[in-house]
Amino acid sequence: MNQVENQFVGREVSVAALPVSPGVAIGRVLLLSPEAENLTIPEETIIDAADAGAEIEAFRRALAAAKEELTVLRDRLKEQLDSDESGILDAHLLMIEDRGMIAEVERRIEAEQRGAAWVFYQVIQRYLKALAVVQDDYLRERIADLRDIAGRVLAHLANRGAVSNPEGSLGRIIVASGFSPSLVAGLDRRQVAGLVSGSGSTTSHAAILARSFRIPAVAGIPEDFRMELKNGDLLIVDGFSGRVILHPAPRTEEAYRLKGAAAGEFFSSLLGERHLAPETVDGFRVRLAGNLESVADAGLLNEAGGDGVGLLRTEFMFINRNAPPEEDEQVEYYRQILRAVGNRPVVVRTLDVGGDKLPRGISFKPEENPVLGLRGIRLALQGRSSLLRTQLRALLRAGVEGPIRVLLPMVSTVEEVRKVRELVVALQADLSRDRLDHLSHLSLGVMIETPSAALVVEHIAPLVDFLSIGTNDLVQYTLAVDRGNEQVAYLNQPTHPAILRLIRRCVEAGQAHNIPVCVCGQMAADPELTPLLIGLGVQELSMAPDSIGSVRQVIRGLNMRETEAAAQIAMNVATAAEALNISRDLMRRAAPKLAALTG
Ligand code: PEP
Ligand code: MG
């Protein structure tokens, strides 16, 4: 251990991790304990000694405001419920009056000359960590209460106007053993420069969100390195190569600043190409659509010049809230998306929860193997049919106002598709009875993300209007590799010939039944893999909007005849590495500047 300690003290140390979200981040470390999940992380503001009194005053006012809120809530609960339930808030009130906690925050504001929000957050994190390891169940359950109180106090502190912040230009690099999708969804994007995680991989849902938030991120950071990081350490995160550098020397810092600026310039220059058709030199046109996680992402898609939304992951509408959205709220949400993308086609995926995505408002029975468990369409068809019914009713209604298509996640059998078709017919009858305007034909598609669906795709294709290949899960289930586990990330091989053959099967089924076939997994966003996908005959790619420019540039440099021949060879080689090299060579020739930047 001593050796490890010496290794990291003060001098530049660089380690390799998995790049999961592109970009360069230079910032100060903020260690996050899993217990602090969902708290908004405040800025570290440095204050003058003379301002400590004002900060302490602000802290006391925030405590008092949170206390008042809780008292009102408790009194209201008392009227509505029995005394046991309102007693929960009595416990909250006791915590907010904890003298030890208050004294520590006030002392540290003075001693460390930091803003109240920052100090309070540090103290609460320590309390949360301490609660997480106690044996007593009752005390451990207080974690959620403490988080709730802390959230209220922080919200009041955040609303009182900014304090001067000399270090404000340096964002925070959040370091954690792992990030859940709900944690990333709750981050304040303006304050977070980068993410460093112990676990995860390129296709983990937290990584997908980081990319959609444009936050550079790496996963699989070595444990001994992570354990040595301290709050406030200067860190560089290179989300292109996966390199992480602690205590960078000024020259290193400058080199990475330049790299970040060059990448920024290159990607901005791609925006200038947004009006060019994504078409190969010999005239094969590809549709490039966007994967969206929220309405806020629509702006990025419009900026990138995408052909509509190829995948709207609706689970992020359900995450971080206490109850699922009602039908009317959903109708409004889908309408907003349609408006935000100028009424271009929007493919809405029905709720895909379970696995690593567990919204607070839906209760889940613990499972031994959640990724093989009640996830996606399975959950929707077994016992939770009201979630699917509400969502489909909302989609049938919103679809009257624009081109909405519906996509089913995690399908593994033909029966699942038939059941949904039957449900849609029943819901259409209900809506007619309710005299609500709705679609008389719903365009329905299936995600091909299990090997069983890919292998019976010729039986699925006649039942649907389109297919969309979810390569993140298709790789996970075909190679038997947990997509969130950094230890087996080397097996996350989208160019494995088994995957290429399954994709080709889907393309052939689509051609035979005259329906479009899209790829919407991370593979579609990787310009190095564009030649293979196009060569396999995929006509539509859907990806994080930020990737559209690069993929368009590669397509415009490809020759379809050559690309098809290369894909034929790649399907028949023995290893993923050989197939990857074939694709890479074509990409380098098609877009040399891009290759130089990302290589
Ligand atoms: C996929 O599995 O490829 C996909 C697009 O779905 P998600 O990443 O949301 O599981
Ligand atoms: Mg999937």
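Conventions and cut-offs
Residues numbered from 1 in each chain as written. Chains lettered and ligands numbered in written order. Predicted model: local features only at pLDDT ≥ 70, side-chain atom pairs only at ≥ 80, totals over all residues. Heavy atoms only, no water. Helix = DSSP H or I, 4+ residues; strand = E, 2+ residues; numbered from the N terminus. Buried < 20%, exposed > 50% of the residue type's maximum accessible area, 1.4 Å probe, protein only. Contact = heavy atoms within 4.5 Å. Areas by Shrake-Rupley, 256 points an atom, 1.4 Å probe, with all protein chains shown as cover. Donors = N, O, S within 2.8 Å, 3.2 Å for Na, K, Ca; no water. Near = heavy atom within 4 Å. Polar contact = N/O pair within 3.5 Å; in protein donor to acceptor, adjacent residues only side chain to side chain. Nonpolar A, V, L, I, M, F, W, Y, C, P; charged D, E, K, R; others polar. Phe/Tyr/Trp six-rings, centres within 6.5 Å; stacked < 30°, edge-to-face > 60°. Pairing = 2+ DSSP bridges. Salt bridge = Lys/Arg side-chain N within 4 Å of Asp/Glu carboxyl O. Axes fitted to C-alpha atoms, helices over the stretch in contact; angles between N-to-C directions. pLDDT = per-residue confidence, 0-100. Core = buried A, V, L, I, M, F, W, Y, C linked by side-chain atoms within 4.5 Å. Parallel < 35°, antiparallel > 145°, perpendicular 65-115°, else oblique. Left-handed = near helix turned anticlockwise from the far one by under 90°.

Considering the overall build of the protein chain
Reasoning step 1: If you tally the helices and strands in the protein chain, you get 25 helices and 16 strands.
Reasoning step 2: Counting only residues that meet the buried cut, the protein chain has 53% of its 599 residues in that class.
Reasoning step 3: The long-range fraction of contacts in the protein chain, counting pairs at least 24 apart against all pairs at least 6 apart in sequence, stands at 71%.
Reasoning step 4: Only carbon and sulfur atoms are counted for the fraction: they give 51% of the accessible area of the protein chain, which is about 25700 Å².

Structural notes on the coordination of the magnesium ion (ligand 2)
Put simply, the ideal angle at a metal is 109.5 degrees for four donors in tetrahedral geometry and 90 or 180 degrees for six donors in octahedral geometry.
Reasoning step 1: At the metal site, the magnesium ion (ligand 2) is ligated by Glu449 (OE) and Asp473 (OD), and these contacts range over 2.0 to 2.2 Å. Of the two residues, glutamate 449 sits in the loop between strand 13 (443-448) and helix 17 (451-455) while aspartate 473 sits in helix 19 (residues 471-478), which places them 24 residues apart along the sequence. Summarising the burial analysis for this pair, glutamate 449 and aspartate 473 share the class buried.

Brief notes about the site of ligand 1
Reasoning step 1: Taken together, 16 residues are adjacent to ligand 1, and Arg313, Arg349, Gly470, Asn472 and Arg483 come closest.
Reasoning step 2: A distance of 3.4 Å separates an oxygen atom of ligand 1 from a polar side-chain atom of arginine 375.
Reasoning step 3: Aspartate 473 places a polar side-chain atom, nitrogen or oxygen, 3.0 Å from an oxygen atom of ligand 1.
Reasoning step 4: Burial of ligand 1 by the surrounding chains reaches 100%, relative to a free accessible area of 290 Å².
Reasoning step 5: Secondary structure elements with two or more residues in the shell around ligand 1: helix 8 (205-212), strand 10 (309-313) and helix 19.
Reasoning step 6: By residue number, the principal contributor to the shell around ligand 1 is helix 19, which donates three residues.
Reasoning step 7: Broken down by class, the residue content of the shell around ligand 1 amounts to four nonpolar, five polar and seven charged.

Quick word on unusual backbone geometry
Reasoning step 1: Positive phi, normally seen in glycine, also occurs at glutamine 113, with a value near 50°.
Reasoning step 2: Within the secondary structure, glutamine 113 sits in the loop between helix 4 (99-112) and helix 5 (116-132).
Reasoning step 3: Here the phi dihedral of arginine 435 falls at roughly 55°; this positive angle occurs in a residue that is not glycine.
Reasoning step 4: Among the structural elements, arginine 435 can be located in the loop between helix 16 (414-433) and strand 13.

A look at the packing of aromatic side chains
Reasoning step 1: Taken as a whole and assessed by the stated rule, the structure comprises four aromatic pairs.
Reasoning step 2: Each ring, one from phenylalanine 59 and one from phenylalanine 120, has its centre 5.7 Å from the other, and the planes form 45°; the classification is tilted. Here phenylalanine 59 is found in helix 2 (residues 52-80), whereas its partner phenylalanine 120 is found in helix 5, with 61 residues between them in sequence.
Reasoning step 3: A relative accessible area of 0% means that phenylalanine 59 is categorised as buried.

Some details on helix 19
Reasoning step 1: Across the eight residues that make up helix 19, a large majority, seven, are buried.
Reasoning step 2: Among the residues making up helix 19, those that are buried are Thr471, Asn472, Asp473, Leu474, Val475, Gln476 and Tyr477.

Some words on the pairing of strand 5 (residues 192-197)
Reasoning step 1: Of all six residues making up strand 5, six are buried, and the element is well covered by its neighbours.
Reasoning step 2: For strand 4 (residues 171-176) and strand 5, the ladder comprises five bridges, and the chain directions are parallel. Bridge assignment links isoleucine 173 to a residue of strand 5, and that residue is glycine 194.
Reasoning step 3: Across two bridges, the pairing between strand 5 and strand 6 (residues 217-219) is parallel. Residue pairing for strand 6: valine 196 is matched across the bridge by valine 218.

What about the pattern of salt bridges?
Reasoning step 1: Applying the stated criterion across every chain yields a total of 33 salt bridges.
Reasoning step 2: Glutamate 327 is the partner of arginine 397 in a salt bridge, and the nearest nitrogen-oxygen pair spans 2.6 Å. Placement of arginine 397 in helix 15 (residues 385-398) and of glutamate 327 in helix 13 (residues 327-340) is noted, with a sequence separation of 70 residues between them.
Reasoning step 3: Across the pair aspartate 328 and arginine 397 runs a salt bridge, and its minimum N-O distance is 3.0 Å. Of the two residues, aspartate 328 sits in helix 13 while arginine 397 sits in helix 15, which places them 69 residues apart along the sequence.
Reasoning step 4: Its relative accessible area of 54% is what places aspartate 328 among the exposed residues.
Reasoning step 5: Overlapping salt bridges, with partners in common, bring together Glu315, Arg349, Asp352, Arg375, Asp473 and Arg483 in one network.

Side note on the side chain of glutamate 327
Reasoning step 1: Given a relative accessible area of 15%, glutamate 327 falls into the buried group.
Reasoning step 2: If we ignore the near neighbours within four places in the chain, the residues touching glutamate 327 are Thr390, Arg393, Ala394, Arg397, Leu431 and Leu436.

Some details on the environment of lysine 357
Reasoning step 1: Here lysine 357 shows up in the loop between strand 11 (346-349) and helix 14 (377-381).
Reasoning step 2: In this structure the C-alpha to C-alpha distance between lysine 357 and phenylalanine 318, which are 39 residues apart in sequence, comes to 9.9 Å.
Reasoning step 3: Apart from residues no more than four positions distant in its own chain, lysine 357 is found in contact with Pro181, His205, Glu315, Phe316, Arg349, Asp352 and Phe364.

Some details on the sheet that holds strand 11
Reasoning step 1: Read around the barrel, eight strands follow the order 9-10-11-12-13-14-15-16 and close on themselves; strand pairing throughout is parallel. Shown here is a sheet whose adjacent strand axes are inclined to one another by a mean of 25°, direction ignored.
Reasoning step 2: Note: strand 9 (residues 287-292) against strand 10, three bridges, orientation parallel. Opposite leucine 292, over in strand 10, you have leucine 312 as the bridge partner.
Reasoning step 3: Against the sheet, helix 15 engages strand 11 and strand 12 (404-408), with an angle of about 155° to strand 12.

Here we look at the confidence of the model for the protein chain
Reasoning step 1: Residues with a pLDDT of 70 or more make up 88% of the protein chain, whose mean pLDDT is 88.
Reasoning step 2: The model gives residues 1-6 a pLDDT under 50, and that stretch makes four contacts with residues more than four places away or in other chains.
Reasoning step 3: The low-confidence segment residues 161-169, where pLDDT is below 50, has 13 contacts with residues more than four positions distant or belonging to other chains.

Observations regarding the nonpolar core
Reasoning step 1: Core analysis: the largest hydrophobic core is formed by 100 residues, its most contacted members being Tyr334, Ile448 and Leu541.
Reasoning step 2: Once residues within four sequence positions are removed from consideration, leucine 541 is found in contact with Val286, Arg287, Leu288, Ala289, Cys518, Val519, Ala524, Thr530, Leu533, Ile534 and Val551.
Reasoning step 3: In terms of nonpolar packing, the next biggest core, distinct from the first, is built from 53 residues, Leu70, Leu93, Ala176 and Ile319 among them.

Regarding the sheet that holds strand 6
Reasoning step 1: Pairing within the open sheet is mixed, and its eight strands lie in the order 1-8-7-3-4-5-6-2. The sheet is open, and its two borders are formed by strand 1 (13-16) and strand 2 (18-21), each paired with just one other strand. Put simply, the sheet's adjacent strands are angled 30° from each other on average, direction ignored.

A closer look at the packing of helix 20 (residues 497-513) against helix 23 (residues 560-572)
Reasoning step 1: Orientation of helix 20 relative to helix 23, taken along the N-to-C sense of each, is 125°, at an axis distance of 7 Å. Between helix 20 and helix 23, the angle falls in the class oblique. Crossing angle aside, the handedness with which helix 20 passes helix 23 is left-handed. Counted together, Pro497, Leu500, Arg501 and Arg504 of helix 20 and Ala570, Met571 and Asn572 of helix 23 form the full contact between these two elements.
Reasoning step 2: Looking at the contact of helix 20 with helix 23 residue by residue, the class counts come to four nonpolar, one polar and two charged.

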